[in-house]
Amino acid sequence: MSCAWVVVGALASSILVTDAARAGDPVADRGLLHTQEGRQLAERAIDQVAKLVADDGPRLVPSWRAPGGQASEAVPVYLVEGKPGAIVTPAAVPSGCRCVFVSPSVLKKWIQRNSAGPGRVSLDDGNFLVFILMHEMGHLKKGTPGAAFHDGEMSQLNIEPSRAKAAEEDADDFAVAVLKLRSKQTKANDVSLAANWVVLELTKLNWNMQAFRTLDEFGAFAVGKPSVFFDNGYTHPNLAWRILRVNDRIQQTKETRYLLEAYEQARDRGANLQPLYQRK
Ligand SMILES: [Zn+2]
């Protein structure tokens, strides 16, 4: 074996080898790679989450800031990369680890996809990541993992769909409770501002999803077109419905309730396919 090959290989993958070689590395153990992409974004989001959650949840720490292990109560956040298409959610609490995986490349694509198109507003990946991390914190508090990873592939948890759905709603409810509490603090300080940025981001996402359903998929509402109104069947199912539900829980207005109910009714129409017009 040539020395040059060894040197080049070692330089190219030094971070991966160093981290992967560490005993009990939850990322390498699941066949995934560490990435340095998105560190600043994640660090800022982790700081915002700490401000918002304070003592109501576990403390998240960037795994790269505490090499060799963290204080026992701290939960490491790992930035991970898998084979293209192998990871389908921007973040998850993996089964069997009290930690959080964030995939910056999946997050970036997700934000781009949900910002693109007529009538859309640009989403902010940092503010959205704060919401995602608080959702993951909800999973950690309840001890419910969000996904399983094996040999670099992500898969659904092998649990009953209704339990998985309840775990997702519980995790959302934790984030909602924090956002409601902090955003409605009358004293304007950086905590209430941070909460309001996230609430605004969710409103923007709601808007963009509504634009998709009404502009791109005009007509889908009448029949509850399954590709528009149904789960994609993955671990964070029915994101559109969940975002509508989260917005309604936070804002509790007639409008947010209407949007949620209209979506649910369209979904029911899709589940119970009937002709739109009865033949006489
Ligand atoms: Zn989840």
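Here the structure is a predicted model, which means the values were calculated and not measured.

1. Focus on the overall build of the protein
Link 1 in the chain: The helix and strand inventory of the protein stands at 12 helices and 7 strands.
Link 2 in the chain: Relative to its 280 residues, the protein shows a buried fraction of 33%.
Link 3 in the chain: When contacts within the protein are restricted to residue pairs at least 6 apart in sequence, long-range pairs at least 24 apart make up 66% of them.

2. Details of the pairing of strand β3 (residues 74-81)
Link 1 in the chain: Of all 8 residues making up β3, 6 are buried, and the element is well covered by its neighbours.
Link 2 in the chain: Bridge count for strand β1 (residues 33-34) against β3 is 2 bridges, and the pairing is antiparallel. Following the sheet pairing, H34 is matched in β3 by V80.
Link 3 in the chain: Note: strand β2 (residues 59-62) against β3, 4 bridges, orientation parallel. Paired with V61 across the bridge in β3 is P76.

3. What about helix α4 (residues 39-53)?
Link 1 in the chain: For α4, which comprises 15 residues, the first-to-last C-alpha distance of 21 Å matches the rise-based estimate of 21 Å (1.5 Å per residue) to within 8%.
Link 2 in the chain: Phi for A54, located one or two positions after α4, is positive at around 50°.

4. Concerning unusual backbone geometry
Link 1 in the chain: One non-glycine residue, A54, adopts positive backbone phi at about 50°.
Link 2 in the chain: The residue A54 is located in the loop between α4 and β2 in this model.
Link 3 in the chain: For Q252, which is not glycine, the phi torsion reads 45° and is therefore positive.
Link 4 in the chain: Note on placement: Q252 falls in the loop between α11 (239-251) and α12 (254-271).
Link 5 in the chain: Judged by the 10 C-beta atoms lying within 10 Å of it, Q252 falls in the exposed class.

5. What about the nonpolar core?
Link 1 in the chain: Formed by 58 residues in total, the largest nonpolar core has its most connected members in V49, V100, L133 and M134.
Link 2 in the chain: Apart from residues lying up to four places away in sequence, M134 is in contact with V49, L52, V53, F174, A175 and V178.

6. A short note on the environment of F131
Link 1 in the chain: Along the chain, F131 falls in helix α6 (residues 125-142).
Link 2 in the chain: Given 26 C-beta atoms within a 10 Å radius, F131 is considered buried.
Link 3 in the chain: Through-space distance from the C-alpha of F131 to that of V198 is 6.5 Å; in sequence the pair is 67 residues apart.
Link 4 in the chain: Other than its neighbours up to four places away in sequence, F131 contacts A175, V198, E201 and L202.

7. A look at the packing of α6 against helix α7 (residues 161-183)
Link 1 in the chain: Between α6 and α7, whose axes approach to 7 Å, the crossing angle comes to 120°. If you check the angle between α6 and α7, you find them oblique. Two packed elements cross with a definite hand, and for α6 against α7 that hand is right-handed. Together, F131, M134, H135, M137, G138, H139, K141 and K142 of α6 and A167, D170, A171, D172, D173, F174, A175 and V178 of α7 make up the contact between the two elements.
Link 2 in the chain: Among the residues making up the contact of α6 with α7, the classes are represented as 8 nonpolar, 3 polar and 5 charged.

8. A closer look at the environment of L60
Link 1 in the chain: Mapped onto the fold, L60 is located in strand β2.
Link 2 in the chain: Once you skip the residues sitting within four places of it in the chain, L60 turns out to touch I46, V49, A50, V75, V77, V100 and L133.

9. Looking at the confidence of the model for the protein
Link 1 in the chain: With 76% of its residues at a pLDDT of 70 or more, the protein shows a mean pLDDT of 80.
Link 2 in the chain: Segment residues 1-22: pLDDT under 50, and 11 contacts once partners within four positions in sequence are set aside and those in other chains are kept.

10. Digging into the packing of α7 against α11
Link 1 in the chain: The geometry of α7 relative to α11 is characterised by a closest axis approach of 9 Å and an angle of 35° between their N-to-C directions. When the axes of α7 and α11 are compared, the crossing they make is right-handed. For the pair α7 and α11, the contacting residues are E168, D172, V176, L179 and K180 in the first and R242, R245, V246, R249 and I250 in the second.

11. A short note on helix α5 (residues 104-115)
Link 1 in the chain: Between the first and last C-alpha of α5 there are 16 Å, a value that for 12 residues agrees with the 16 Å anticipated at 1.5 Å per step.
Link 2 in the chain: When we look at burial in α5, the residues that qualify are P104, V106 and L107. The buried residues of α5 occupy one face: seen down the axis, they fall within an arc of 160°. When the buried face of α5 is taken as reference, the exposed residues oriented beyond 90 degrees from it are K109, Q112 and R113.
Link 3 in the chain: Contacts from the buried residues of α5 go to α4, β3, β5 (100-102) and α6.
Link 4 in the chain: Looking one or two residues beyond α5, the residue adopting positive phi is G117, at roughly 125°.

Procedures and definitions
- Residues numbered from 1 in each chain as written.
- Predicted model: local features only at pLDDT ≥ 70, side-chain atom pairs only at ≥ 80, totals over all residues.
- Helix = DSSP H or I, 4+ residues; strand = E, 2+ residues; numbered from the N terminus.
- Buried ≥ 20, exposed ≤ 12 C-beta atoms within 10 Å, placed from the backbone.
- Contact = placed C-beta atoms within 7 Å.
- Pairing = 2+ DSSP bridges.
- Expected span 1.5 Å × (residues − 1).
- Core = buried A, V, L, I, M, F, W, Y, C linked by C-beta atoms within 7 Å.
- Axes fitted to C-alpha atoms, helices over the stretch in contact; angles between N-to-C directions.
- Parallel < 35°, antiparallel > 145°, perpendicular 65-115°, else oblique.
- Left-handed = near helix turned anticlockwise from the far one by under 90°.
- Nonpolar A, V, L, I, M, F, W, Y, C, P; charged D, E, K, R; others polar.
- pLDDT = per-residue confidence, 0-100.
- Arc of directions from axis to C-beta.

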